[in-house]
Amino acid sequence: MDRCLFCRIAAGEIPSRKVHEDDEIVAFHDINPARPVHLLVIPKRHITSLATVSDADVPLLGRMLAIANRLATEQGSPDGFRVIINTGRVGHQEVQHLHIHIVGGPDPVGPMLKRV
Ligand code: AMP
Ligand code: ZN
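Let me sum up the structure you'll find in this document. Given the structure is predicted, the values throughout are model-derived calculations rather than measurements.

**Topic: the site of ligand 1**
Residues in contact with ligand 1 amount to 16 residues; listed here are only the nearest, Asp30, Glu94, Val95, His99 and His101. Within the side chain of Asp30, one N or O atom sits 2.5 Å away from an oxygen atom of ligand 1. In this structure, an oxygen atom belonging to ligand 1 sits 2.8 Å away from a main-chain N or O atom of Val95. In the complex, 84% of the free accessible area of ligand 1, which totals 510 Å², lies under the protein chains. The set of elements that each furnish at least two residues to the shell around ligand 1 consists of α1 (5-10) and β2 (25-29). Per-element tally for the shell around ligand 1: the top contributor is α1, with three residues. Its residues assigned to classes, the shell around ligand 1 shows seven nonpolar, seven polar and two charged.

Here it is as structure tokens:
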């Protein structure tokens, strides 16, 4: 499972609207934005989900969050934003490559979750 959709986006084999790239991390616009700002931050290396990270990934995860913060400000959500990491079946993760959603824009994104 090392050539999933997001591996291929990270490698530039599938086009995306990239807003950040370094040796470990890529960020790009979500193809189906839920809010005016909707970005995805991914590791270049295939990691299936937050449920499969190891202690060695801690610096990478920290950098992903720091990049998320910077990009939110730069890309049109300077007054706050939400990060979402859907994980596994219960988390309704559709793409099996770790990704941080950044959602925001000029207006509040709304309450966290509908209560059940
Ligand atoms: P998740 O449900 O957390 O796995 O989210 C997957 C996200 O990937 C969704 O918000 C999709 O709109 C987004 N997505 C799927 N394919 C692409 C693509 N080719 N380029 C950019 N975003 C994509
Ligand atoms: Zn992958």
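That shown, we press on.
**What to know about the pattern of salt bridges**
This structure, assessed with the given rule, holds eight salt bridges. Arg8 is paired through a salt bridge with Glu13; the nearest N and O atoms lie 3.3 Å apart. Among the residues examined, Arg8 registers a relative accessible area of 34% and is labelled partly exposed. Residue Glu13 is classed as partly exposed on the basis of its relative accessible area, which comes to 41%. Where Arg63 meets Glu24, a salt bridge forms, and the shortest distance between an N and an O atom there is 2.7 Å. Here Arg63 is found in helix α2 (residues 58-74), whereas its partner Glu24 is found in the loop between β1 (18-21) and β2, with 39 residues between them in sequence. Under the relative-accessibility criterion, Arg63 is labelled partly exposed at 33%. On the accessibility criterion, Glu24 (34% relative accessible area) is partly exposed.

**Quick look at the coordination of the zinc ion (ligand 2)**
Ligation of the zinc ion (ligand 2) by protein atoms is provided by Cys4 (SG), Cys7 (SG), His46 (ND1) and His97 (ND1), these donors lying 2.0 to 2.3 Å from the ion. Between the four donor atoms coordinating the zinc ion (ligand 2), the angles at the centre fall across 101 to 121°, so the site counts as tetrahedral. Each donor residue of the zinc ion (ligand 2) belongs to the same chain, with the gaps between them written as C-x2-C-x38-H-x50-H. Residue Cys7 is found in helix α1, and its partner His46 is found in the loop between β3 (37-43) and α2; the two are separated by 39 residues along the sequence. You'll find Cys7 and His46 in the same group, each marked buried.

**What about the nonpolar core?**
With 16 residues, the main nonpolar core has Ile25, Val41, Met64, Leu71 and Ile102 as its most contacted residues. Mapped by element, the contributors of at least two residues to this core are β2, β3, α2 and β5 (100-104). Take this core: its biggest share by element is seven residues, from α2. Residues contacting Ile102, with those up to four places away along its chain left out, are Val37, His38, Leu39, Val41, Ala68, Leu71, Ala72, Phe81 and Arg82. Core analysis: the second largest hydrophobic core is formed by nine residues, Cys4, Phe6, Phe28 and Leu40 among them.

Conventions adopted
- Residues numbered from 1 in each chain as written.
- Chains lettered and ligands numbered in written order.
- Predicted model: local features only at pLDDT ≥ 70, side-chain atom pairs only at ≥ 80, totals over all residues.
- Heavy atoms only, no water.
- Near = heavy atom within 4 Å.
- Polar contact = N/O pair within 3.5 Å; in protein donor to acceptor, adjacent residues only side chain to side chain.
- Areas by Shrake-Rupley, 256 points an atom, 1.4 Å probe, with all protein chains shown as cover.
- Helix = DSSP H or I, 4+ residues; strand = E, 2+ residues; numbered from the N terminus.
- Nonpolar A, V, L, I, M, F, W, Y, C, P; charged D, E, K, R; others polar.
- Salt bridge = Lys/Arg side-chain N within 4 Å of Asp/Glu carboxyl O.
- Buried < 20%, exposed > 50% of the residue type's maximum accessible area, 1.4 Å probe, protein only.
- Donors = N, O, S within 2.8 Å, 3.2 Å for Na, K, Ca; no water.
- Tetrahedral: all angles 85-135°; square planar, octahedral: opposite > 155°, others 65-115°.
- Core = buried A, V, L, I, M, F, W, Y, C linked by side-chain atoms within 4.5 Å.
- Contact = heavy atoms within 4.5 Å.

The analysis is restricted to geometry; functional conclusions fall outside its scope.
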